[in-house]
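For reference, the chains in residue letters:
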Amino acid sequence: MTKKKSFDKKNLSITNERVFSAVKILISILIALIITFIVLCFISEQPLNAIMTIMFGPLKKARYIGIVIEKTIPYAFAGLAACLLFKAGFFNLGCEGIFIISGVSVAAVAINEKLAIAGLQPILCILAAGITGGILMLIPAFLKAKFNTNEMVLSLMLNSLYAGIAAYLVRTFMLTTTTSTVGSKNYMATAQIGYIFEKFHISACFFLLIAVMIVLEIVMNKTKLGYQIRLSGTNKKFAEYSGINSFKLSMVVNFLAGVLAGVGSACHLLTQTSFYIPSVSVVGIGFSGLLMSMLGKNDPIATVIATFFYQYLQEGASVLYYTDKSVPSEIIAVVVGIVVLLISSQHFLRKYREKKLLKEGLAEHD
């Protein structure tokens, strides 16, 4: 009985890596809000009211929370894709391009009258986007594994290439004639995903995200593949010496990351748009996923939670902008910037944790 209590207490201690990360994030947010309040004192006539609006404004109306939940979904998928890549030690930054090019697959299926079957068409859109993303994400991974090309540079170049290809395909094969915008025709009504809970903008995509998050958490921490991913991310050479096939692992991880990015693109397009514009619809989400993964310390559950709070703060800033025009909506960049700097710092709170570890070690020895 005593051992069990000791074990539980240790798991809740700051010496536990996950607990330390959570505490670090919370303190970082608190410091960022304090600094933001100081900035607001110079630009707002009511700084206290302004900071309270950022913190609690989205809770005033159900539709505000609905907007937060709706925006969280695609960004969380992008974050999970980046989380998977970074955890394995890969620096493929191609999620942005995957989001854009996968949108073409979504639009191609969504405007097809022959596939206009309620319940089936959205699933086909998601599958098409996921397969497209998975296959195209393999290109920089394959070239890195076989020819040692720089995957970061190549994936960034492919982002621009995919954006150009997406624009060409939409302009050539799907272009709408109703507006001058380079966008696709309207989706079939059977392709769009409606809300299960209208008040909070909760669709089937929300439950899909939760399911993916749980599965990814289990895979990362309870399976052989997850162990290989973590070992590869920690030390690639040691992973190879341990008998892990680095080429196979690279292909699997990059394919899965591409699938996640493609699915995230489909979820966004089928719930928040009625047609696809390559230069607008999903631009920026893939790159934002890198930030979401960093905020979540490459942990699936933490990444989704971090994404929710990021969108929450964004909505808080939007609510503030409507009530106080003197405060720019970009003020939230101050909060996010400071949080990222503190979380990414290797030294922030590190000495305190080391002292705790030393104290616990000496206590156990005694």
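Preceding block: the structure.
Source: prediction; values computed, not measured. All residue numbers here refer to positions counted from 1 along the written sequence of the relevant chain. Totals for whole chains, interfaces and linings use every residue, but because this is a predicted model, local features are given only for residues with pLDDT of at least 70 and side-chain atom pairs only at 80 or more, for both listing and counting. Hydrogens and waters are ignored; side-chain quantities use all the structure's heavy atoms.

Chemist: Is there a simple way to think about empty space enclosed by the protein in this case?
Modeler: Picture a little ball the size of a water molecule; that probe, rolled over the atoms, points out where space is still empty. Grid points spaced at 1 Å and placed over the protein atoms alone form the basis of the search, with a cavity being a set where a 1.4 Å probe fits but cannot get out and a pocket an open set showing protein on both sides within 12 Å along at least five of seven lines. Lining residues have an atom within 4 Å of a point. Grid points are joined across faces, edges and corners, and a volume is the space filled by probe spheres set on the points. One pass over the structure, following the stated rule, counts 1 cavity of 30 Å³ or more. Estimated volume of the largest cavity: approximately 30 Å³. Along its surface, the largest cavity is lined by Asn92, Gly94, Ile98, Leu136, Met137, Pro140, Ser155, Leu158 and Tyr162. Listed by contribution, the elements that provide at least two residues to the lining of the largest cavity are α6 (121-147) and α7 (151-174). For the lining of the largest cavity, a count of residues per class yields 6 nonpolar, 3 polar and no charged. The way it works is that DSSP assigns letters per residue, a run of H or I at least four long becomes a helix, a run of E at least two long becomes a strand, and they are numbered from the N terminus. Lys, Arg, Asp and Glu make up the charged group, whereas Ala, Val, Leu, Ile, Met, Phe, Trp, Tyr, Cys and Pro make up the nonpolar group; the residues left over, Gly among them, are polar.

Chemist: Would you mind showing me how to read the packing of aromatic side chains here?
Modeler: Here the distance between the centres and the angle between the planes together describe a pair of aromatic rings. Pairs were defined over the aromatic rings of Phe, Tyr and Trp, the Trp ring being its six-membered one, requiring ring centres within 6.5 Å. Orientation was assigned from the angle between planes: stacked under 30 degrees, edge-to-face over 60, tilted for the rest. All told, the structure shown has 6 aromatic pairs when counted by the stated rule. Among the aromatic side chains, those forming a connected cluster through ring pairs are Phe308, Phe309 and Tyr312.

Chemist: Looking at this structure, how should I read the side chain of Ser250?
Modeler: You can see Ser250 is positioned in helix α11 (residues 246-272). Any two residues having at least one pair of non-hydrogen atoms within 4.5 Å are treated as being in contact. In contact with Ser250, not counting residues within four places along its chain, are Phe90 and Ala141.

Chemist: Can you help me understand the environment of Ala302 in this one?
Modeler: Residue placement: Ala302 occurs in helix α13 (residues 300-323). Think of it in three bands: residues with accessible area under 20% of the maximum for their type are buried, residues over 50% are exposed, and the middle band is partly exposed, with areas taken using a 1.4 Å probe on protein chains only. The class of Ala302 is partly exposed, set by a relative accessible area of 22%. When the C-alpha atoms of Ala302 and Leu80 are compared, they prove to be 9.8 Å apart, with 222 residues separating the residues in sequence.

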